[in-house]
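Summary of structural features
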Amino acid sequence: QVQLVESGGGLVQAGGSLRLACAASGNIFSVSAVAWFRQAPGKQRELVAHIADNGITNYADSVKGRFTISRDNAKKTVYLQLNSLKPEDTAVYYCNADLVALGRPRNNYWGQGTQVTVSS
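Before going into details, it helps to say that this report is about the structure given with it. (Residues numbered from 1 in each chain as written. Predicted model: local features only at pLDDT ≥ 70, side-chain atom pairs only at ≥ 80, totals over all residues. Heavy atoms only, no water.)

**Some remarks on the overall build of the protein**
Quick note on the threshold: In this description a helix means any DSSP run of H or I spanning at least four residues, a strand means any run of E spanning at least two, and both kinds are numbered starting from the N terminus. Atoms counted for the radius of gyration: C-alpha only. Globule rule: 2.2 Å times the number of residues to the power 0.38. Partly exposed residues are those whose accessible area sits between 20% and 50% of the maximum for their type, while under 20% is buried and over 50% is exposed, using a 1.4 Å probe and protein chains only. Here a residue-residue contact requires only that any non-hydrogen atoms of the pair lie within 4.5 Å. Note that His is not counted, nor are the chain ends; the positive residues are Lys and Arg, and the negative ones are Asp and Glu. Positions of charges follow a simple convention, taking NZ of Lys, CZ of Arg, CG of Asp or CD of Glu.
Within the protein one finds zero helices and 11 strands. Secondary structure elements in the protein, listed N-terminal to C-terminal, are β-β-β-β-β-β-β-β-β-β-β. Whereas a compact globule of 120 residues would reach a radius of gyration of roughly 14 Å, the protein reaches 14 Å, a difference of no more than 12%. Within the protein, the proportion of its 120 residues that are buried is 42%. Contacts spanning at least 24 positions in sequence make up 56% of the contacts within the protein whose residues lie at least 6 apart. Of note, the protein has its 12 positive side-chain charges centred 3 Å away from the centre of its 8 negative side-chain charges.

Structure, rendered in structure tokens:
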């Protein structure tokens, strides 16, 4: 089964750090650009960070200087390092990517989400 699986969420105090991982599985041939989104209760899903095939990164203004997105193509995994966390970073974090699996056309996938809770 072709899928994206997030991990690494949890409960942390303000100022703390977490590292999220998004792993593509299911006979994956290639992983294109990958983005992390987040959705807080009662709010719209918002783009947090994006990494292109060539490694170029972009971030939402609210997380610049605190979050870092990176990718390990050999492991087909993208990471999101969250530092200096604030209570307003509390949300479910989702990754999104176009995947090409062997014998299948390119398709867009979402992970199931991982909860990040930052206490004050």
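**Side note on the sheet that holds strand E7 (residues 67–72)**
Rules: The pairing criterion for strands is at least two bridges between them, as found by DSSP. Note on method: axes are straight lines fitted to C-alpha atoms, helices fitted across the in-contact stretch only, with angles between N-to-C directions ranging 0 to 180 degrees.
With antiparallel pairing, the four strands of this open sheet are ordered in space as E1-E3-E8-E7. Each having just a single partner strand, strand E1 (3–7) and E7 make up the two edges of the open sheet. Taking each pair of neighbouring strands and ignoring which way they run, the sheet shows an average axis angle of 15 degrees. Bridge count between E1 and strand E3 (residues 18–25): five bridges; the pairing is antiparallel.

**A word on the environment of Ser-84**
Mapped onto the secondary structure, Ser-84 falls in the loop between strand E8 (77–82) and strand E9 (91–101). Separated by 70 residues in sequence, Ser-84 and Ala-14 place their C-alpha atoms 7.0 Å apart. For Ser-84, the residues in contact, after removing those within four places along its chain, are Gly-15, Gly-16, Ser-17, Arg-66 and Asp-89.

**Some details on the packing of aromatic side chains**
Stated precisely, the cut-off is as follows: In summary, the pairing rule links any two rings of Phe, Tyr or Trp, Trp by its six-membered ring, whose centres are within 6.5 Å, and it sorts them by plane angle into stacked for under 30 degrees, edge-to-face for over 60 and tilted for everything else.
Taken as a whole and assessed by the stated rule, the structure comprises two aromatic pairs. Centre to centre, the rings of Tyr-94 and Trp-110 are 6.4 Å apart; their planes meet at 85 degrees, and the pair counts as edge-to-face. You can see Tyr-94 sitting in strand E9 and its partner Trp-110 sitting in strand E10 (residues 107–110), a full 16 residues away along the chain. A relative accessible area of 15% means that Tyr-94 is categorised as buried. Take Trp-110: its relative accessible area is 39%, and that puts it in the partly exposed class.

**Brief notes about the state of the cysteines**
To keep things clear, this is the line we draw: In this description, the term disulfide denotes a pair of cysteine sulfurs within 2.5 Å.
Taken as a whole and assessed by the stated rule, the structure comprises one disulfide. Each sulfur in the disulfide pair Cys-22 and Cys-95 lies 2.0 Å from the other. Handedness here is read from the sign of the S-S torsion; for Cys-22 and Cys-95, about 70 degrees, the answer is right-handed. Of this pair, Cys-22 sits in strand E3 while Cys-95 sits in strand E9, and the two are 73 residues apart along the sequence. For the pair shown, Cys-22 and Cys-95 are each scored as buried.

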